[in-house]
Amino acid sequence: MPQPTDATPVVSMSNSDLVGHDRFSWYADVVREGIAPLTLASPYADDFTARVEATKVGVVRLTAFSFLPLSAVRTPAHIRRGDPETYQLGLVEGSPMRATQRREASDVQVGGLVFFDTSYPLEADFPDYGCEVVVSILSLPKSTFPLPSDHADRLLCRPLSSRSVTGSLLRHFMGSALHHVADQPTSESLRLGGIATDLVAAFLAGHLDSGKLLPVDTRTRALTARIYAFIDANLGDVQLTPAAIASQHHMSVRALHQLFSSEPNAVMGTVRRRRLERCREDLRDPLLQEQPIGAIAARWGFSSPAEFSRVFRRTYGTTPKEFRNESAQAHSLH
């Protein structure tokens, strides 16, 4: 399986050009090289369809698999043959799965998360529910994972609720990162990989009620990611102030400002930048050409059209109206 580089390209592959059993052999090779050696079996092996998308985000690899129902087994012999020594966080979509590792057996429902370790035997079964299986796998090197292994092992093959803020962030990252990381610079790739690792560690620690086991830096970065997500979800609220953000995260305003002292922008600078980015996206959208600029600005939290115009021009060097017209012309030419 071609390995993405730190330039964050997305590798997309399918077996549509192959015929017969070669399709299943192709997929078995992709899984072996991209995840770990396993033995696969499927009632559709004679005409097996599958697609794979993968990218490298810092030290983390994200892979999305779409395939027909199958079963997979990883034995001690497989482990001796090749162990990448990674943790695997899986997001199950399309249809449920059943998995067993270290005497823990679980039924993982659609939308659920499940945690594996490539250094232990594994059995996984994707029953035939008449639909395609879709699984996203986040592969994290154990050598750089901040949660102690004896605690991480307690969560292997257990279905993990993703209803927490951190769980929602992980689901969003795993479901959308492949479509947003292309062409990102190496520095951004490394940053996103670090954030993903910290979120997984914080997510697991939350299930163990042992957040104090995590390094301070990990807890800080995970908290910052949650605050960014809260800001993004509430940009249209004109009452989105440092006091409101701090209260939501059970911290003082002073602590919030200290947290953002190491960020590229202060708290309200971050809010303003995010609002401008959303407005810019809407102004570029041909489907929103008939919406007044003032309405777009208000939707994203700007209370005054004049203030929005000044801030937009100062940031992007053009007025919102000029930007919208230029975008419309470019879209028409395209």
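Scroll up a little and you will see the structure.
As the structure is a computational prediction, the values presented were derived from the model and not from experiment. (Residues numbered from 1 in each chain as written. Predicted model: local features only at pLDDT ≥ 70, side-chain atom pairs only at ≥ 80, totals over all residues. Heavy atoms only, no water.)

K.L.:
I'm lost on the overall build of the chain in this one. Help?
P.N.:
Looking only at helices and strands, the chain features 12 helices and 12 strands. The dimensions of the chain, computed from C-alpha atoms along their principal axes, are 65 × 50 × 35 Å. Across the 334 residues of the chain, 46% fall into the buried class. Sequence-distant contacts in the chain: of pairs separated by 6 or more residues, those separated by 24 or more amount to 72%. For the chain, the computed accessible surface area is about 16500 Å², with 51% contributed by carbon and sulfur atoms. Charge separation in the chain, taken as the distance between the mean sites of 35 positive and 36 negative side-chain charges, equals 8 Å. (Helix = DSSP H or I, 4+ residues; strand = E, 2+ residues; numbered from the N terminus. Buried < 20%, exposed > 50% of the residue type's maximum accessible area, 1.4 Å probe, protein only. Contact = heavy atoms within 4.5 Å. Areas by Shrake-Rupley, 256 points an atom, 1.4 Å probe, with all protein chains shown as cover. Lys, Arg positive; Asp, Glu negative; His and termini not counted. Charge placed at Lys NZ, Arg CZ, Asp CG, Glu CD.)

K.L.:
Even after reading the chapter, I still don't get the sheet that holds strand 2 (residues 39-41), so can you show me in this structure?
P.N.:
Adjacent strands of a sheet form backbone hydrogen bonds with each other and so pair up, either parallel or antiparallel. Across the sheet, five strands lie side by side as 2-5-10-7-8; this open sheet has antiparallel pairing. Edge strands, defined here as strands with exactly one partner in the open sheet, are strand 2 and strand 8 (104-108). Sheet twist, expressed as the average angle between the axes of neighbouring strands with direction ignored, equals 10°. With three bridges joining them, strand 2 and strand 5 (residues 71-74) adopt antiparallel strand pairing. Note on strand 5: the bridge partner recorded for Thr 39 is Val 73. (Pairing = 2+ DSSP bridges. Axes fitted to C-alpha atoms, helices over the stretch in contact; angles between N-to-C directions.)

K.L.:
Is there a simple way to think about the packing of aromatic side chains in this case?
P.N.:
Two aromatic rings are characterised by how far apart their centres lie and by the angle between their planes. Under the counting rule described, the total for this entry stands at 13 aromatic pairs. Aromatic rings pair up to connect Phe 24, Tyr 27, Phe 48, Phe 65, Phe 67 and Phe 126 into one cluster. Of note, Arg 102 hangs over the ring of Tyr 120, and the distance from its end group to the ring centre comes to 4.6 Å. Taking the ring centre of Tyr 316 as reference, the NZ or CZ of Arg 280 above it sits at 4.5 Å. (Phe/Tyr/Trp six-rings, centres within 6.5 Å; stacked < 30°, edge-to-face > 60°. Lys NZ or Arg CZ within 6 Å of the ring centre and 35° of its normal.)

K.L.:
Even after reading the chapter, I still don't get the sheet that holds strand 3 (residues 50-57), so can you show me in this structure?
P.N.:
Ordered by their spatial adjacency, seven strands build an open sheet running 1-3-4-11-6-9-12, and the pairing between neighbours is antiparallel. Each of the sheet's edge strands pairs with one partner strand only, and the pair in question is strand 1 (11-14) and strand 12 (159-160). Direction of pairing for strand 3 relative to strand 4 (residues 60-67): antiparallel, over a ladder of eight bridges. Its bridge partner lying in strand 4, Ala 50 is registered against Phe 67.

K.L.:
Would you mind showing me how to read the pattern of salt bridges here?
P.N.:
A pair can form between side chains of opposite charge whenever their charged atoms are brought close. By the definition in use, this model includes 14 salt bridges. The closest approach of N and O atoms between Asp 153 and Arg 102, which form a salt bridge, is 3.5 Å. Taken together, the residues Asp 153 in the loop between helix 3 (149-152) and strand 12 and Arg 102 in the loop between strand 7 (97-101) and strand 8 connect sequence positions 51 residues apart. Arg 102 gets classed as partly exposed once you look at its relative accessible area, which sits at 41%. Note that Arg 274 is salt-bridged to Asp 232, the shortest N-O span being 3.3 Å. Of this pair, Arg 274 sits in helix 9 (residues 267-284) while Asp 232 sits in helix 6 (residues 216-233), and the two are 42 residues apart along the sequence. The class of Arg 274 is buried, set by a relative accessible area of 17%. (Salt bridge = Lys/Arg side-chain N within 4 Å of Asp/Glu carboxyl O.)

K.L.:
I would appreciate a short explanation of the packing of helix 4 (residues 165-176) against helix 5 (residues 186-208) in the present structure.
P.N.:
Packed helices, taken two at a time, are described by the angle between their axes plus the distance between the axes. In contact at an axis separation of 9 Å, helix 4 and helix 5 are set at 140° when each is read in the N-to-C sense. For the element pair helix 4 / helix 5, the angle class is oblique. The crossing of helix 4 and helix 5 is left-handed. Of helix 5, the residues touching helix 4 (which contributes Thr 166, Gly 167, Leu 169, Leu 170 and Phe 173) are Leu 192, Ala 196, Leu 199, Val 200 and Phe 203. Considered class by class, the residues forming the contact of helix 4 with helix 5 number eight nonpolar, two polar and no charged. (Parallel < 35°, antiparallel > 145°, perpendicular 65-115°, else oblique. Left-handed = near helix turned anticlockwise from the far one by under 90°. Nonpolar A, V, L, I, M, F, W, Y, C, P; charged D, E, K, R; others polar.)

K.L.:
Just to check I follow, could you spell out the nonpolar core for this structure?
P.N.:
Across soluble globular proteins, nonpolar side chains show a tendency to be buried alongside one another. If you look at the biggest cluster of nonpolar residues, it comprises 34 residues, and the most contacted ones within it are Leu 89, Phe 115, Leu 138 and Leu 204. Among the elements that take part in this core, helix 5 stands out by supplying nine residues, more than any other. Setting aside its immediate chain neighbours within four residues, Leu 89 contacts Leu 113, Val 114, Phe 115, Ser 136, Ile 137, Leu 138, Leu 160, Leu 170, Met 174 and Val 200. Residues Val 11, Phe 65, Met 97 and Ile 137 belong to the second largest nonpolar core, which totals 33 residues. (Core = buried A, V, L, I, M, F, W, Y, C linked by side-chain atoms within 4.5 Å.)

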